[in-house]
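Report on the structure
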Amino acid sequence: MRTTYQEPRLIDEPYTRHLVKDMQLDHLDTLESQSVYILREAYRKFKRLAMLWSIGKDSTVLLWLARKAFLGHCPIPLVHIDTSLKIPEMIAFRDRVAKEWDLRLVVGQNTEALAAGMGPDKGRIVCCNSLKTEALQQLMAEKDYTGLILGIRRDEEGTRAKERYFSPRDKNFEWNYKDQPPELWDQFKTDFDKDTHIRIHPLLHWTEIDVWKYIKRESIPIVGLYFARNGERYRSLGCQPCTGRVKSNATTVDEIIEELQHSTISERSVRAQDQEDTYAMQKLRAKGYM
Amino acid sequence: MPETVNPTLNIVIVGHVDHGKSTLVGRLLHDTKSLPDGKYEAVARVCEDSGKDFEYAFLLDALEEERDQGITIDTTQIRFHTDKRDYVIIDAPGHKEFLKNMVTGAASAEAAILLIDADEGIQEQSRRHGYILNLLGIRQVTVVINKMDLVDYSQTVFNDIHTEYLAFLNQLGIVPQFVIPLSARNGDNVARHSQRMTWYNGPTVLEALDEFQSRVSKESGPLRMPVQDIYKFDKRRIVAGRIESGSIKEGDTICFSPSGHKAIVKTIERWQSAKDGAASAGESVGITLDEQLFIERGDIISHTDDLPRSSSVLQGNLFWLGDRHLAPNRTYVLKLTTQEVECTVGSISGVINTASLARVGDVAREVAKNEVATVVFDLKKKVSFDSAIDVIETGRFVIVDGFDVSGGGIILQEHPAESYEI
Ligand SMILES: Nc1nc2c(ncn2[C@@H]2O[C@H](COP(=O)(O)OP(=O)(O)OP(=O)(O)O)[C@@H](O)[C@H]2O)c(=O)[nH]1
């Protein structure tokens, strides 16, 4: 019998899982530990640090990992870039979680561009640059952030596969992918010139399926849009006009994991901006897109 | 019980520019049906539009500049799996200019494939990469000799390269597990045995991957937990860090090096975890102590009977990646786990040109980009460390020049100068 998705409890209750006898770390433990290490480095090294929370599954897992790293607390403010085109359910979820977990939420919006009528009809890449990248740029300048934590993963697409955990952006927000700093033995780029900021990517080594397995193991609350309704679900969440649904009957986390195990379709195939041209993501990301 | 997932093995593919590394990875993905729908077709379209034959390398080289020039600029990490386990394949660039990216890729690998073009033979980076792998501590290596189609699948050509390259690797102390003749472009000996090289009876690349060993747990080593930070978000004062080696449990008496402070572990702190009371290598945890000592980021926690060494002089085998030479009259920052200390170069001996293994000189004044040397650093204060042979995680360091990580070093031998007793 198919059960429908239930919004999980948000208040954290002590775990009742079996005590783990075996000291060996399993795959998810290893991923978690690496992410925690990176979050702790970021928190230690950047006085002006923020974390981007898109409300999607990845950045929500990232938020959970921050609470692991800081033992139940999230001392880093969360930035949400509101394009005004997000699906209303996402905003409702954001506000509910922020309240229950006592988060510091900072919302950024490119109000000027919106007032001037910016939207995907002006061209998807133009719109992404304006409502996401520029909105972020404005907020970073206003708040003077020098470190920004993002939940991107290598397996999402080709240019992200080339990212570093600590990745510098110049004053124009540009990513110099042709000359990235070396990164070895978890010694990261934490020294940088003024006018530069560093993007920190603690989830870089996770895959989509790892994320779902971790959501299951940890019972992390996730916005209901990921679960199938009327034979369709969102696999990746973005703005309403540019994010499509996939055909799916997966109404539980288990069913999503099962579905992904057999899928050969890439996650971002439903994100319209990626499909604009062959190097769309490279162009967007070189300019400071997430 | 938590779900157990297959172990993952990280493998780096290295070798001289244009010898076919990206092609090999692309072919592996294709032949094991690991590509997402539409990817092959998308690349076929790009190749057609630019009037080229199908390039398997384009499956990985995602940047426009990489495809235009046909070279890999930065490392890509790609996943695929066999029945045995999951793999992360790290495609490293072969161009000399991008050595720092190659090192970045290789530093996270547990095993390596060294690739040589049968037609061009052994080149500068074929040797240099072998040398760097050795310095990075990667001992599991398989050699593949690619583009056999260009030499008519000749066993003689294969044997000649085989003999010459193995002699080189043996000088470094590397013994490859297999040497495989290959045509990455045509798929010979990648995922299926070649019909054109019946003289070869060894494994395919795919089979050779499954022969690599997964990393062994560091639990059995001595306890090393570098302090990453101290938290006071609530009434607990938590010492946070990752256990690099060994294990720790509540009630243990521990020592902080180099200060020598001792304390007893009161609790092991985690959030929302089923684990309790003890922690082992690889875990990022927090601990509370029975007394409030002055502890700093960088202190190394160990048990009292197995301390790391502490000294303000450090000798290491260093590879240099910086555009500006490593020189005696400048100040650098040395980072070793979470320790950071200002340092200067005490002496430089035995600069080695990694491409030829020739010693550039016994005593040198500077180390140039892409060179390797034995260097003694004078540190502004003591750091704690181990020989990399004993504990690799606390036996290596990086050197920061200005804002940039510019070199990496391995501590190999006991250094006689000034050892610190508690
Ligand atoms: N004839 C032949 N050509 C090959 C073979 N494998 C690769 N090539 C060609 O060699 C060229 C270089 O291949 P790449 O895979 O881009 O080389 P690479 O080692 O990844 O290069 P870098 O990453 O830039 O160092 C391409 O044009 C390939 O098509 C092979 O087995 N036979």
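Residues numbered from 1 in each chain as written. Chains lettered and ligands numbered in written order. Predicted model: local features only at pLDDT ≥ 70, side-chain atom pairs only at ≥ 80, totals over all residues. Heavy atoms only, no water.

**Some words on the overall build of chain B**
Quick reminder of the rule: A run of DSSP states H or I qualifies as a helix once it reaches four residues; a run of E qualifies as a strand once it reaches two. Both are numbered from the N-terminal end. In this setup the radius of gyration rests on C-alpha atoms only. A globule is expected at 2.2 Å times the number of residues raised to 0.38. With a 1.4 Å probe rolled over the protein chains alone, any residue whose accessible area is under 20% of its type maximum counts as buried; one over 50% counts as exposed, and the rest are partly exposed. Any pair of residues with heavy atoms lying within 4.5 Å of one another is described as a contacting pair. By the counting rule applied here, Lys and Arg register as positive and Asp and Glu as negative, while His and the ends of each chain are not counted. To locate a charge, the coordinates of NZ of Lys, CZ of Arg, CG of Asp or CD of Glu are taken.
Scanning chain B for helices and strands turns up seven helices and 21 strands. Taken against the 2.2 N^0.38 rule, which gives 22 Å for 422 residues, the C-alpha radius of gyration of chain B at 24 Å falls within 12% of a compact globule. Based on the C-alpha atoms only, the size of chain B along its principal axes is roughly 70 × 60 × 40 Å. Burial statistics for chain B: of 422 residues in total, 60% are counted as buried. Considering only contacts within chain B whose residues lie at least 6 apart along the sequence, 69% involve residues at least 24 apart. Mean positive and mean negative side-chain charge positions of chain B (44 and 62 charges, respectively) differ by 4 Å.

**With respect to the site of the ligand**
Residues and elements named next belong to chain B. Just so we agree on the cut-off: Near residues are defined by distance, with any heavy atom within 4 Å of the molecule or strand qualifying the residue. Here a polar contact means two N or O atoms within 3.5 Å. Within protein one must be a hydrogen donor candidate and the other an acceptor candidate, and residues neighboring in sequence count only if both atoms are side-chain atoms. Using the Shrake-Rupley algorithm and a 1.4 Å probe, accessible areas are obtained, with residue cover drawn only from the displayed protein chains. Residues were grouped as follows: Ala, Val, Leu, Ile, Met, Phe, Trp, Tyr, Cys and Pro as nonpolar; Asp, Glu, Lys and Arg as charged; and all remaining residues, including Gly, as polar.
Close contacts around the ligand come from 21 residues, with Lys21, Ser22, Thr23, Thr72 and Asp149 the closest. Histidine 19 is positioned with one of its backbone polar atoms (N or O) 3.4 Å from an oxygen atom of the ligand. Against a free-state accessible area of 650 Å², the protein chains account for coverage of 92% of the ligand. For the shell around the ligand, the element with the highest residue contribution is helix α1 (residues 21-31), accounting for three residues. Along the lines of polarity and charge, the residues of the shell around the ligand split into five nonpolar, 10 polar and six charged.

**Here's the deal with the interface of chain A and chain B**
Selection rule: What gets called buried area is simply the loss in accessible area from a 1.4 Å probe that two parts show on being joined, summed for both. By definition, a salt bridge exists where a carboxyl oxygen of Asp or Glu is found within 4 Å of a side-chain nitrogen of Lys or Arg.
Each side of the interface is counted separately: chain A has 68 residues, and chain B has 80 residues. Across the chain A to chain B interface the summed buried area is about 6500 Å²; carbon plus sulfur atoms make up 56%. At the boundary of chain A and chain B, one finds five salt bridges. Secondary-structure elements contributing two or more residues to the side of chain A that touches chain B are α1 (27-45), α2 (57-69), α6 (208-218) and α8 (280-286) of chain A. The element best represented in the side of chain A that touches chain B is α1(A), accounting for 11 residues. Tallied by class, the residues present in the side of chain A that touches chain B amount to 24 nonpolar, 18 polar and 26 charged.

**Side note on the pairing of strand β1 (residues 8-15) of chain B**
All names here are of chain B. Formally: For two strands to pair, DSSP has to find at least two bridges joining them.
Of all eight residues that make up β1, eight are buried, and the element is covered over most of its length. Covered by surrounding structure in β1 are Thr8, Asn10, Val12 and Val14 together with Leu9, Ile11, Ile13 and Gly15, the residues of both alternating faces. Relative to strand β3 (residues 86-91), β1 is paired through six bridges, and the arrangement is parallel. Paired with threonine 8 across the two strands is aspartate 86, which belongs to β3. Note: β1 against strand β4 (residues 111-117), five bridges, orientation parallel. In the sheet register, valine 12 faces β4, and the bridge partner there is alanine 112.

**Section: the sheet that holds strand β13 (residues 284-289) of chain B**
Residue and element names in this part refer to chain B. Under the convention used in this document: Axis definition: a line fit to C-alpha positions, over the contact stretch in the case of helices; interaxial angles, taken between N-to-C directions, run 0 to 180 degrees.
Taken together, the six strands give a closed barrel; going around it, the order is β7-β8-β13-β11-β10-β14, and neighbouring strands pair in antiparallel fashion. Neighbour-to-neighbour, the strand axes of the sheet open up by a mean angle of 50°, direction not taken into account. Where strand β11 (residues 262-269) meets β13, four bridges bridge the pair, whose relative direction is antiparallel. Looking at the pairing, valine 265 lines up with leucine 289 of β13.

**Here's the deal with the side chain of Arg224(B)**
Residues and elements named next belong to chain B. Residue placement: arginine 224 occurs in the loop between α7 (205-211) and β7 (225-231). With a relative accessible area of 1%, arginine 224 lands in the buried category. Within the structure, the side chain of arginine 224 is placed 2.8 Å from the backbone oxygen of aspartate 306, a separation counted as a polar contact.

**Structural notes on the domain arrangement of chain B**
All names here are of chain B. Heads up, the condition is: Residue ranges for the domains trace back to a domain assignment, done automatically or taken from a database.
Domain boundaries in chain B define domain 1 (8-209), domain 2 (218-303) and domain 3 (309-411). Spacing between the C-alpha centres of domain 2 and domain 3 amounts to 28 Å. Contacts between the two partners involve 13 residues from domain 2, matched on the other side by 12 residues from domain 3. Both faces considered, domain 2 and domain 3 share a buried interface measuring about 980 Å² in area, 60% of it formed by carbon and sulfur atoms. At the surface where domain 2 touches domain 3, the tally comes to one salt bridge. A salt bridge links arginine 224 to aspartate 386; the nearest nitrogen and oxygen atoms lie 2.7 Å apart. There are three residue pairs in polar contact (both at pLDDT 80 or more) connecting domain 2 and domain 3. For the side of domain 2 that touches domain 3, the element with the most residues is β7, which contributes three residues. Among the residues making up the side of domain 2 that touches domain 3, the classes are represented as five nonpolar, four polar and four charged.

**Focus on unusual backbone geometry**
Each neighbour pair has its own omega, and for Ser257(B) with Pro258(B) the value is 0°, a cis peptide bond. One non-glycine residue, Leu71(A), adopts positive backbone phi at about 50°. Within the secondary structure layout, Leu71(A) lies in the loop between α2 and β2 (78-81). Look at Leu71(A) and you get buried, because its relative accessible area is 4%. A positive phi angle, close to 55°, is found at Asp152(B), a residue other than glycine. Position of Asp152(B) relative to the elements: it lies in the loop between β5 (141-146) and α6 (155-172).

**What to know about the packing of α1(A) against α6(A)**
All names here are of chain A. This is how it is decided: Working definition: roughly parallel below 35 degrees, roughly antiparallel above 145 degrees, roughly perpendicular at 65 to 115 degrees, and oblique for all remaining angles.
With their axes 11 Å apart at the nearest point, α1 and α6 run at an angle of 95° to one another. With respect to α6, the element α1 is oriented roughly perpendicular. Along its contact with α1, which presents His27, Leu28, Asp29, Leu31 and Glu32, the element α6 presents Asp210, Lys213, Tyr214, Arg217 and Glu218. Residues that form the contact of α1 with α6 fall into these classes: three nonpolar, one polar and six charged.

**A look at the packing of α1(A) against α2(A)**
In a packed pair of helices, the relevant descriptors are the angle between the two axes and the axis-to-axis distance. Residues and elements named next belong to chain A. Put simply, α1 and α2 touch, their axes get as near as 9 Å, and they point 75° apart. With respect to α2, the element α1 is oriented roughly perpendicular. Taken together, the residues of α2 that come into contact with α1 (itself represented by Glu32, Ser35, Val36, Leu39 and Arg40) are Leu62, Leu65, Ala66, Lys68 and Ala69. When its residues are assigned to classes, the contact of α1 with α2 shows six nonpolar, one polar and three charged.

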